[in-house]
Amino acid sequence: MGKTLFDKIWDSHVVVSKPGFPDAVYINTHFIHEVTSPQAFDGLRKRGIPVFRTAKTRATADHNVPTIDQHLPIKEALSRKQVEMLTANTKEFGVELYGLGHPYQGIVHVIGPELGITLPGMTIVCGDSHTSTHGAFGAIAFGIGTSEVEQVLATQCILQYRPKRMKIEVNGQLKKGVVSKDIILYIISKISASGATGYFVEYAGEAIRSLSMEARMTICNMSIEMGARGGLIAPDQTTFDYIKGREFAPKGADWDKALAYWETLYTDADAEFDVVLTFDAADIEPMITYGTNPGMGIGVTQHIPSLTEVDDKEKPSFKKSLEYMGLEPGSELLGKKVDYVFIGSCTNSRIEDLRMVADFVKGKKKAEDVVVWIVPGSKQVEAQAKEEGIDKIFEAAGFHLRQPGCSACLGMNEDKVPAGMYCISTSNRNFEGRQGPNARTFLASPLSAAAAAITGKVTDVRELV
Amino acid sequence: MSKTFQHLVSTAVPIAIENIDTDQIIPARFLKATTRDGFGENLFRDWRFDTNNEPKKDFILNNPIYKGEVLVAGKNFGCGSSREHAAWAIGDYGFKVVISSFFADIFKNNALNNFILPITVTDEFLDKIFKAIETDPAAQLEVDLEKQSLKIVATGEEISFDINPYKKACLINGYDDIDYLLSLRKEIESYEASREFNF
């Protein structure tokens, strides 16, 4: 019997497999950032051991950094301390750091791909659940905890049980105004925030295949929001074209050798999955979430489920969620006033996202009482946006392009949505308090977020494109 | 935090909410510490305290009737962020066991790596536990890791739970993953040497 893409990569990375033990899996690339690494470095110090393979670890500062005036010292003392500790730790242990001010600095899941560090067939981990993003290249990539960060620093390996395999096929073609973020929000709304727990997902089908690398990253990024260990997409010409020529991508003879290997990275026709789910792209409309987990999503023209449509067991959580959101069961979101718009995060802060927003808002003006934060994913995205004049388009529309970081996705820096306010956000989580204490989040695509920025309310973007 | 786990008899704190994510367990703004200590203070911070930092009376951790070393929660506990701080907060607060009908993968690993035992039970058994505590907040649960059994002491109802044998041994004996991985150094180096295409 043939193998899945996942199994091909996993099997070629197993260092030791003993009955009763989890597999010791070799890790090709380990990304670290300031929030989940200090205790791991501390652990190495206590054991008196070095980082085993320094060249396979890359660091950046993203979670805590301000998105304005990055040339000044970080104001908030604890954030500053964490970022300084990352600098000190990477220096002491000999790890490459793209810190604040470095031209490669940015959100860890944005910089890996854009620098050509993320490659097909790799195993990639990071102390961040959205590491699944890198799966878009046909890599096994998943988020880990700090104890596991320490394992990887110490041994370049991680202990893991092999997850089950799920295939999600999206066939057909997307309709106008519907983008990759809508695909993933749609899938999660169908299978719930825990629908893929225990599985590693492979995305396939015409609608996935036709996506750009950036759009594929958005899909893989949110695999974790349905509980999946990770998600991946088999590499193809789109993947190879994206990688070629990037800073750390293989060159010359190494490229040819790599390409020959990458071309073997697909799921064999007779390979079996534990679960196969199939969706039709034509069924998907622009999506928006109404609740406090990413599974609570609807098409923008649909209504929030009424109490009679909710399972009895789920009613208490459902009610709690809507109470937090200040929304009524059975009501519509269309036309609901929005206070903040956040375009950014490892889900949607790449150059293509900014281009999509710029194309849409060109010649339009922001609604007066809406605050719009546009946060590029990296210094390189920021520079590219400026080169293309995207920053000028934003300014003309009344927006401002900030500096790179995780920003209002999780509000660890100053970019917090005030209590009770509604924010339409291109990020990945609408959990209670995620964007700030008592802040209320509607997850949507960059296009839908841009539309809300213009109209000041939840809008069906299809009417404007 | 204890570095082993074998057996426990304790009352439990029930939170019958589903999809409790790690942002609720420990909000992001409390992730700025650089050690593993002190996170218990901010466990369920925004459910426990209002914006003036006053305890919210209706939240169960603020109700002195409910206490113990076992946390019982609705399905899909620990979803969301990979922050191990969630496990540190739960352990630092004093919980040694978390019971749910379903755990998010990363949280489960993080808990085990901190010698906190996540026990997955059926939806039916979870309901029985919630009912037992509702009937009597002093109801005790007995956890025996060696036997892999969980018992509601008052009713004698018992269920066996799964745990992988490696992690079970780690918990009982206080081993950790890094000790094991460090012992594989020769194998790791020969794996590296054998790879024709090692990125």
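Quick caveat: nothing in here was measured; it's all calculated off a predicted structure.

1. Focus on the overall build of chain B
Argument step 1. Each helix and strand in chain B was counted, giving eight helices and seven strands.
Argument step 2. Over its C-alpha atoms, taken along the principal directions, chain B stretches across nearly 60 × 45 × 25 Å.
Argument step 3. Here chain B holds 199 residues, and the buried ones make up 56% of them.
Argument step 4. Of the roughly 8,400 Å² of accessible surface on chain B, a fraction of 48% belongs to carbon and sulfur atoms.

2. Some thoughts on the interface of chain A and chain B
By a widely used convention, the size of an interface equals the accessible area lost when the partners come together.
Argument step 1. Facing 75 residues of chain A, the contacting portion of chain B comprises 59 residues.
Argument step 2. In terms of surface lost to chain B, no three residues of chain A exceed A:Q39, A:R47 and A:L159, which account for 10% of the buried area on that side.
Argument step 3. Applying the counting rule to chain A against chain B returns eight salt bridges.
Argument step 4. Mapped by element, the contributors of at least two residues to the side of chain A that touches chain B are β1 (14-16), β2 (23-26), α2 (38-47), α3 (77-93), α5 (146-155), β8 (157-160), α10 (252-262) and α11 (315-325) of chain A.
Argument step 5. Class assignment of the residues belonging to the side of chain A that touches chain B gives a composition of 31 nonpolar, 27 polar and 17 charged.

3. Looking at the sheet that holds strand β12 (residues 275-280) of chain A
All names here are of chain A.
Argument step 1. On the basis of which strands lie adjacent, the open sheet formed by four strands has the order β11-β10-β9-β12 and parallel pairing. Sheet topology places β11 (230-232) and β12 at the edges, where each strand pairs with a single neighbour. The average angle at which neighbouring strand axes cross in this sheet is 20°, direction not considered.
Argument step 2. The pairing of strand β10 (residues 199-204) with β11 spans three bridges and is classified as parallel. Bridged to F200 within β11 is G230.
Argument step 3. Across the face of the sheet, helix α6 (residues 180-191) comes into contact with β9 (164-171), β10 and β12 while running at roughly 125° to β12.

4. Notes on the UniProt feature "domain: Aconitase A/isopropylmalate dehydratase small subunit swivel" (unreviewed entry) in chain B
Argument step 1. If you check UniProt for "domain: Aconitase A/isopropylmalate dehydratase small subunit swivel" (unreviewed entry), the listed places come out as residues 4-123 of chain B in our numbering.
Argument step 2. Annotated as residues 4-123 of chain B, this span is 22% helix and 18% strand, and its ends, taken at the C-alpha atoms, are 28 Å apart.

5. Details of the sheet that holds β1(A)
Residues and elements named next belong to chain A.
Argument step 1. Taken in spatial order, the three strands of this open sheet run β1-β2-β8, and their pairing is antiparallel. If you trace the sheet from one side to the other, it starts and ends with β1 and β8, each paired once. Here the average twist between neighbouring strands, direction ignored, is 40°.
Argument step 2. Note that β1 and β2 share two bridges and pair antiparallel. When the sheet's bridge partners are listed, V14 is paired in β2 with V25.

6. Remarks on the pattern of salt bridges
Argument step 1. One pass over the full model with this rule turns up 41 salt bridges over all chains.
Argument step 2. Put simply, B:K32 and A:E76 hold a salt bridge, and the shortest N to O gap is 2.8 Å. Separated into two different chains, B:K32 in the loop between α1 (22-25) and α2 (45-48) and A:E76 in the loop between β4 (57-60) and α3 make up a pair that spans both.
Argument step 3. A salt bridge links B:R36 to A:E150; the shortest N-O distance between them is 3.6 Å. Here B:R36, found in the loop between α1 and α2, pairs with A:E150, found in helix α5, and the two come from separate chains.
Argument step 4. Through salt bridges with shared partners, a single network forms among A:K3, A:D7, A:D11, A:R162, A:R165 and A:D274.

7. Regarding helix α12 (residues 351-361) of chain A
All names here are of chain A.
Argument step 1. Burial analysis of α12 places eight of its 11 residues in the buried class, the great majority of the element.
Argument step 2. For α12, the full list of buried residues reads I351, D353, L354, M356, V357, A358, F360 and V361.
Argument step 3. On its buried face, α12 is in contact with α8 (213-221), β15 (340-343), β16 (371-374), α13 (379-387), α14 (390-397) and α15 (446-455).
Argument step 4. A positive phi of about 80° marks G363, the residue just after α12.

8. Here's the deal with the domain arrangement of chain A
Residues and elements named next belong to chain A.
Argument step 1. Domain assignment breaks chain A into domain 1 (5-164 + 230-264) and domain 2 (306-463).
Argument step 2. Listed as interface residues are 27 residues of domain 1 and, on the opposing side, 24 residues of domain 2.
Argument step 3. Contact between domain 1 and domain 2 buries roughly 2,000 Å² in total, counting both sides, with carbon and sulfur atoms accounting for 54%.
Argument step 4. At the junction of domain 1 and domain 2, the tally comes to zero salt bridges.
Argument step 5. In this assembly, domain 1 and domain 2 are joined by 15 residue pairs in polar contact (both at pLDDT 80 or more).
Argument step 6. Every element with two or more residues in the side of domain 1 that touches domain 2 is listed here: α3 and α4 (108-114).
Argument step 7. When residues in the side of domain 1 that touches domain 2 are grouped by element, the largest group, four residues, is from α4.
Argument step 8. In the side of domain 1 that touches domain 2, the residues fall into 10 nonpolar, 13 polar and four charged.

9. With respect to the pairing of β16(A)
On any regular strand, side chains alternate: one points to one face of the sheet, the next to the other face.
All names here are of chain A.
Argument step 1. Bridging between β15 and β16 involves four bridges; their strand directions are parallel. Looking at the pairing, Y340 lines up with V371 of β16.
Argument step 2. This β-α-β element, β15 to α12 to β16, shows right-handed connectivity.

10. Overview of the UniProt feature "binding site: [4Fe-4S] cluster" (unreviewed entry) in chain A
Residues and elements named next belong to chain A.
Argument step 1. The sites that carry the UniProt feature "binding site: [4Fe-4S] cluster" (unreviewed entry) are, in the present numbering, C346, C406 and C409. A maximum C-alpha distance of 8.7 Å is found for the annotated residues, which run over 64 residues; spatially they form one tight group.
Argument step 2. Following the sequence through the fold, C406 ends up in the loop between α14 and β17 (422-425).
Argument step 3. Setting aside its immediate chain neighbours within four residues, C406 contacts D62, H63, I107 and F342.
Argument step 4. Topologically, C409 is positioned in the loop between α14 and β17.

Here is what the cut-offs are and how they apply
- Here the residue numbering is sequential within each chain, running from 1 through the sequence in written order.
- Each chain is given a letter, starting from A, and each ligand a number, starting from 1, according to the order in which they appear as written.
- Owing to the predicted nature of the model, reporting of local features is limited to residues with pLDDT of at least 70; listing and counting of side-chain atom pairs is limited to 80 or more, with chain, interface and lining totals taken over all residues.
- Hydrogen atoms and water are omitted, and side-chain values are computed over all heavy atoms in the structure.
- We count a stretch as a helix when DSSP gives it H or I for four or more residues in a row; a strand needs E for two or more, and each element gets its number in order from the N terminus.
- Relative accessibility thresholds used throughout: buried, under 20% of the residue-type maximum; exposed, over 50%; partly exposed, between the two (1.4 Å probe, protein chains only).
- Values of accessible area rely on a 1.4 Å probe in the Shrake-Rupley scheme; residue burial ignores everything except the protein chains shown.
- Whether two residues are in contact is decided by their heavy atoms: any pair within 4.5 Å suffices.
- Once two parts are put together, the accessible area they lose, assessed with a 1.4 Å probe and summed over both, is termed the buried area.
- What counts as a salt bridge is simple: a side-chain nitrogen of Lys or Arg found within 4 Å of a carboxyl oxygen of Asp or Glu.
- Gly is put with the polar residues, along with every residue not named as nonpolar or charged; the nonpolar set is Ala, Val, Leu, Ile, Met, Phe, Trp, Tyr, Cys and Pro, and the charged set is Asp, Glu, Lys and Arg.
- DSSP calls a pair of strands paired once it identifies at least 2 bridges connecting them.
- Under this scheme, a helix contributes an axis fitted over its contacting stretch, all axes are lines through C-alpha atoms, and angles between N-to-C directions fall in the 0 to 180 degree range.
- UniProt positions are given in the numbering used here, feature names are shortened, and annotations may be inferred rather than shown by experiment.
- These domain limits were set by an automatic method or by a database of domain assignments.
- What qualifies as a polar contact is a pair of N or O atoms within 3.5 Å, subject to a donor-acceptor requirement within protein and to the restriction that residues adjacent in sequence count only when both atoms come from side chains.
- Orienting the strands away from the viewer, one traces the path from the first strand over the helix to the second; a clockwise path indicates a right-handed crossover.

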